[in-house]
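# Structural description and commentary
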Amino acid sequence: MTALVDRGPHLSPLAIQWHSRIPQIVSLRELLKHYALVFCRIGASLEAIQCKLEKLAQQHHPNAPFGGRGPEAKQIESMFRGLAAHCVAIDLDNVAPQVERMIIDLHDGCMIWEMRESVRNLALRIDDQLQGRKFLYLPPSRVADYEQPKRGWDDVLESFPSVVDEISESGRCFALGQYTASAFHSMRIAEAGVRALGVSLHDPGIDPKKNPSWEKILARCNAELNKEPKHRSTEWQRNGDRLTEATLYLRGVKEAWRNPTMHVEKDYNEEQASDVRSAVRTLMRHLATFLHE
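In this text, all values refer to a predicted model and were calculated from it rather than measured experimentally. (Residues numbered from 1 in each chain as written. Predicted model: local features only at pLDDT ≥ 70, side-chain atom pairs only at ≥ 80, totals over all residues. Heavy atoms only, no water.)

A low pLDDT score tells you not to read the predicted coordinates there in detail. On average, residues of the chain score 83 in pLDDT, and 86% of them are at 70 or above. When the elements of the chain are averaged for pLDDT, helix α1 (residues 7-10) gives the smallest value, 43, and helix α9 (residues 164-175) the largest, 96. Counting contacts from residues 1-10, a segment whose pLDDT is below 50, to residues more than four positions away or on other chains yields 19 contacts. (pLDDT = per-residue confidence, 0-100. Helix = DSSP H or I, 4+ residues; strand = E, 2+ residues; numbered from the N terminus. Contact = heavy atoms within 4.5 Å.)

Right, here's the structure in full:
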């Protein structure tokens, strides 16, 4: 049996993207441009088919069969194929096989009332599939966080390129209202700063690559600060004020946010997650002025 509709040419560019099954953000303009007209055509096609069958039921007895491949059957088949093409164009992929079965019934001489019932069931199937296509609305104030999550992080990325994915996920989670997840990714960003501080200590007992605890690194930072300036490491002698400020700020971040997040003891609301993102970005921009991975 040949396919009812060749999917490729009937799919709009946006529908082709949706066939990839990759979640994506689409604008209201894109939805209206590609699908409003098709949606209207689906409704009009269903109404036209139902009106045609109603007229036939009035002209003939509802139990009268269709005349095989007569002109009325061919006309309705053409209407079915147009309807199926519109449905395929917006990825209602369960409709085409059902329409193909209805066309076979049509040419096998099913009764008019049976076809009317099939069309009603088809309309329900279309409605079910439309209900199954979900779209998550992004308020205009959140679009930039989702589409440009690395905005304002350029200097950080130059010094800490490993955090590019965490920056993106922190912004996108925030845009989607996943505030605790956004805070978690923000803390992952801050960990890159912690590792850079660990490297600056030149302590053979600390291997930043093995993700030593924040407490261990910060304890060594405090110990470094307690030394006389001439006994500090070269990095700390050169950037003592900056490292002092960074150490104090990192400790505040760690105590206020990191531990509850990592141990699932706290859920973050919008304001708290925004504070975390802002504080971590300020910290990392400060570290990026004199440290790097």
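With that out of the way, let us pick up the packing of helix α4 (residues 71-89) against helix α5 (residues 95-107). Between α4 and α5, whose axes approach to 9 Å, the crossing angle comes to 175°. Taken together, the axis directions place α4 and α5 in an arrangement best described as roughly antiparallel. Residue-level contacts link A73, I76, E77, F80, R81, A84, C87 and V88 of α4 to V95, A96, V99, E100, M102, I103, L106 and H107 of α5. (Axes fitted to C-alpha atoms, helices over the stretch in contact; angles between N-to-C directions. Parallel < 35°, antiparallel > 145°, perpendicular 65-115°, else oblique.)

Our focus in this paragraph is the nonpolar core. Residues W153, F160, V163, V280, M284, L287 and L291 are the most contacted members of the largest nonpolar core, which totals 38 residues. Every element with two or more residues in this core is listed here: α8 (154-159), α9, α10 (179-201), α11 (214-226), α13 (240-262) and α14 (270-287). Residue contributions to this core peak at 10 residues, all from α10. With 31 residues, the next largest nonpolar core counts I76, A84, I90 and I103 among its residues. (Core = buried A, V, L, I, M, F, W, Y, C linked by side-chain atoms within 4.5 Å. Buried < 20%, exposed > 50% of the residue type's maximum accessible area, 1.4 Å probe, protein only.)

Let's shift gears to the packing of α5 against helix α6 (residues 112-132). Between α5 and α6, whose axes approach to 10 Å, the crossing angle comes to 175°. With respect to α6, the element α5 is oriented roughly antiparallel. Seen from α5, the contacting residues are V95, Q98, V99, R101, M102, D105 and L106; seen from α6, they are M115, S118, V119, L122, R125, I126 and Q129. Taken together, the residues of the contact of α5 with α6 sort by class into 8 nonpolar, 3 polar and 3 charged. (Nonpolar A, V, L, I, M, F, W, Y, C, P; charged D, E, K, R; others polar.)

A word on unusual backbone geometry. For residues that are not glycine, phi is negative in most cases, and the peptide bond is trans in most cases. If you check the backbone angles, D91 has positive phi at about 65° while not being a glycine. Position of D91 among the secondary structure elements: in the loop between α4 and α5. Its relative accessible area of 5% is what places D91 among the buried residues.

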